[in-house]
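Notes for the structure review
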Amino acid sequence: MKRVVSVGGVRLGEGRIKVQSMTTEKTSGVEKCVAQILRLEEAGCDLVRVAVLDEEDARALSLVKERVHIPVIADIHFSARLAELAVEAGADKLRINPGNLRASDLRRVADCVRRHHIPVRVGANLGSLERGAEARYGRGAEALVASALEEAAALEKLGVEDLVLSVKASSVPVTAEAYALLAEKTEHPLHVGVTEAGGGLMGIVKGSVGIGALLLRGIGDTVRVSLSEDPVLEVTAAHAILRACGLEREFAEVISCPTCGRCEYDCMGLARRVQERVIGVKKPLKIAVMGCVVNGPGEAKDADLGIAGGREFCLIFERGKEPQRVPSEGAEAAFFAWLEEWIG
Ligand code: SF4
């Protein structure tokens, strides 16, 4: 049976799939770090990870924690001392990497998290495999899984039961294969993502294909879309993936047509502006922006609210009501006023 792990009260392994991201600001630069986390919260981030590179970062964690509202995960490499300081400063979870801590350091980390009752993510990456696993399996999905499971077993032996596992690679097929293998072998919740996916369109595509393929098989309890971009985009993309997989209905969703020769107004621009307005809006709404009054309202029948544009007039329609005809000039302002009422 699947285990449930609580990260500062956010439960992984039950209920909806949680979205997480990681700050790009230095943790010790408290002002900027807090500002970034608050923007992530607004976009719908459930958990945030921060890098702890030195003692200054570790100590700053308590100041960050005081001013944010979501659990904060400390990302630690190589140092048991930093892990202890981060936990003492209030980290809600640790993320460690197999192979980056010596056995004696792992024991120190285990003692610390047990005392403070916080979970650990064992995050295996193809770039830093546990040496034994790499020697036995080479550099692929099996080595990732062995790496994560061996580190998890070592922590379990030391009395740490609340674990979350991840096995990421920058290759989508390797990532998907590794998680599928891992899901068969563990009951711990899984943090799913494709690492070093890049930025822009390709980064989003890689993250979406990898994470989406796993979610559709029922694999994954929390997701991070790693992008070389503003982390807010990671959160927006994660919610979009969850919605596309039919796993999340609580956030507003914008649908829009691809437009064609029938379109006689700036449908794409309006769709973008509407999308920007509803990012992070926590209401189960479907909003349609359609290219023409001829086919738009019919093609967007299941929307709660929509607009279909035309050269002289637009139709604004609400579920179950007669569409309203409004002059094209001023139609966007009228639609936004309508939208504000819906999203409250
Ligand atoms: S709604 Fe109108 S503009 Fe959009 S794709 Fe369909 S026919 Fe073309």
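Residues numbered from 1 in each chain as written. Predicted model: local features only at pLDDT ≥ 70, side-chain atom pairs only at ≥ 80, totals over all residues. Heavy atoms only, no water.

1. Considerations on the sheet that holds strand β14 (residues 313-318)
Read from one edge of the open sheet, 5 strands run β11-β12-β13-β14-β15, paired in mixed fashion. If you trace the sheet from one side to the other, it starts and ends with β11 (253-256) and β15 (324-327), each paired once. Strand-to-strand twist across the sheet, computed as the mean angle between neighbouring axes with direction ignored, equals 20°. (Pairing = 2+ DSSP bridges. Helix = DSSP H or I, 4+ residues; strand = E, 2+ residues; numbered from the N terminus. Axes fitted to C-alpha atoms, helices over the stretch in contact; angles between N-to-C directions.)

2. Details of the sheet that holds strand β3 (residues 18-22)
One open sheet holds the 8 strands; their spatial order is β8-β7-β6-β5-β4-β3-β10-β9, and the pairing between them is parallel. For this open sheet the edge positions go to β8 (163-168) and β9 (191-192), each flanked by a neighbour on one side alone. The pairing of β3 with strand β10 (residues 222-223) spans 2 bridges and is classified as parallel. Its bridge partner lying in β10, Lys 18 is registered against Thr 222. Each of β3 and β10 touches helix α9 (residues 231-244); the most contacted strand, β3, lies at about 160° to it. (Contact = heavy atoms within 4.5 Å.)

3. Observations regarding the pairing of strand β7 (residues 120-125)
The two faces of the sheet receive side chains in turn, since in a regular strand these alternate between them. Most of β7 sits inside the fold, with 6 of its 6 residues counted as buried. By the alternation rule, side chains of β7 split into Val 120, Val 122 and Ala 124 and Arg 121, Gly 123 and Asn 125, which are all buried. Note that strand β6 (residues 93-96) and β7 share 3 bridges and pair parallel. Across the sheet, the residue bridging to Leu 94 is Val 120, located in β7. (Buried < 20%, exposed > 50% of the residue type's maximum accessible area, 1.4 Å probe, protein only.)

4. Topic: the environment of Met 22
Among the structural elements, Met 22 can be located in strand β3. Residues Met 22 and Gly 200 lie 178 residues apart in sequence; the distance between their C-alpha atoms is 17 Å. Those residues in contact with Met 22 that lie beyond four places of it in its chain are Arg 49, Val 50, Ala 51, Asp 75, Arg 224, Pro 231 and Glu 234.

5. A word on the environment of Gly 29
Position of Gly 29 among the secondary structure elements: in the loop between β3 and α1 (30-43). By relative accessible area, Gly 29 is classed as partly exposed at 32%. C-alpha separation for the pair Gly 29 and Glu 42, spaced 13 residues apart in sequence, amounts to 20 Å.

6. Here we look at the site of the ligand
Close to the ligand lie Cys 257, Thr 259, Cys 260, Arg 262, Gly 291, Cys 292, Asn 295, Gly 296 and Glu 299, which account for all nearby residues. Split by residue class, the shell around the ligand holds 3 nonpolar, 4 polar and 2 charged. (Near = heavy atom within 4 Å. Nonpolar A, V, L, I, M, F, W, Y, C, P; charged D, E, K, R; others polar.)

7. What about the domain arrangement of the protein chain?
Put simply, an interface is often sized by how much accessible area is lost when its parts join up. Partitioning the protein chain into structural domains gives domain 1 (5-244) and domain 2 (253-343). Relative placement of domain 1 and domain 2: their C-alpha centres are 38 Å apart. Residue-level contacts link 5 residues of domain 1 with 4 residues of domain 2. Buried area between domain 1 and domain 2, summed over both chains or domains, comes out near 320 Å², and the portion from carbon and sulfur atoms is 58%. Applying the counting criterion to the domain 1 and domain 2 interface returns 0 residue pairs in polar contact (both at pLDDT 80 or more). For the side of domain 1 that touches domain 2, the secondary structure elements donating two or more residues are α1 and α9. Residue composition of the side of domain 1 that touches domain 2, by class: 1 nonpolar, 1 polar and 3 charged. (Domains from an automatic or database assignment. Buried area = accessible area lost by both parts, 1.4 Å probe. Polar contact = N/O pair within 3.5 Å; in protein donor to acceptor, adjacent residues only side chain to side chain.)

8. Description of the packing of aromatic side chains
We describe a pair of aromatic rings using the distance from one ring centre to the other and the angle between the two ring planes. Going through the model one piece at a time under the given rule, you end up with 1 aromatic pair. Geometrically, the ring pair formed by Phe 335 and Phe 336 is edge-to-face, given 6.5 Å between the ring centres and 70° between the ring planes. The buried category is assigned to Phe 335, whose relative accessible area is 0%. The class of Phe 336 is buried, set by a relative accessible area of 18%. Above the ring of Phe 313, the side-chain terminus of Arg 325 is found at 3.7 Å from the ring centroid. (Phe/Tyr/Trp six-rings, centres within 6.5 Å; stacked < 30°, edge-to-face > 60°. Lys NZ or Arg CZ within 6 Å of the ring centre and 35° of its normal.)

9. Things to note about the pattern of salt bridges
Tallying each qualifying case throughout the model produces 28 salt bridges. Across the salt bridge formed by Glu 84 and Arg 108, the nearest N and O atoms sit 2.7 Å from each other. Taken together, the residues Glu 84 in helix α3 (residues 80-88) and Arg 108 in helix α4 (residues 103-116) connect sequence positions 24 residues apart. Residue class for Glu 84 comes out buried when judged on its relative accessible area of 14%. Arg 224 serves as the salt-bridge partner of Glu 234, at 2.9 Å between the closest nitrogen and oxygen. Of the two residues, Glu 234 is situated in helix α9 and Arg 224 in the loop between β10 and α9; the sequence distance between them amounts to 10 residues. The residues Glu 234 and Arg 224 share a single accessibility class, namely buried. Beyond isolated ion pairs, a larger network of salt bridges with shared partners links Arg 16, Asp 46, Glu 250 and Lys 282. (Salt bridge = Lys/Arg side-chain N within 4 Å of Asp/Glu carboxyl O.)

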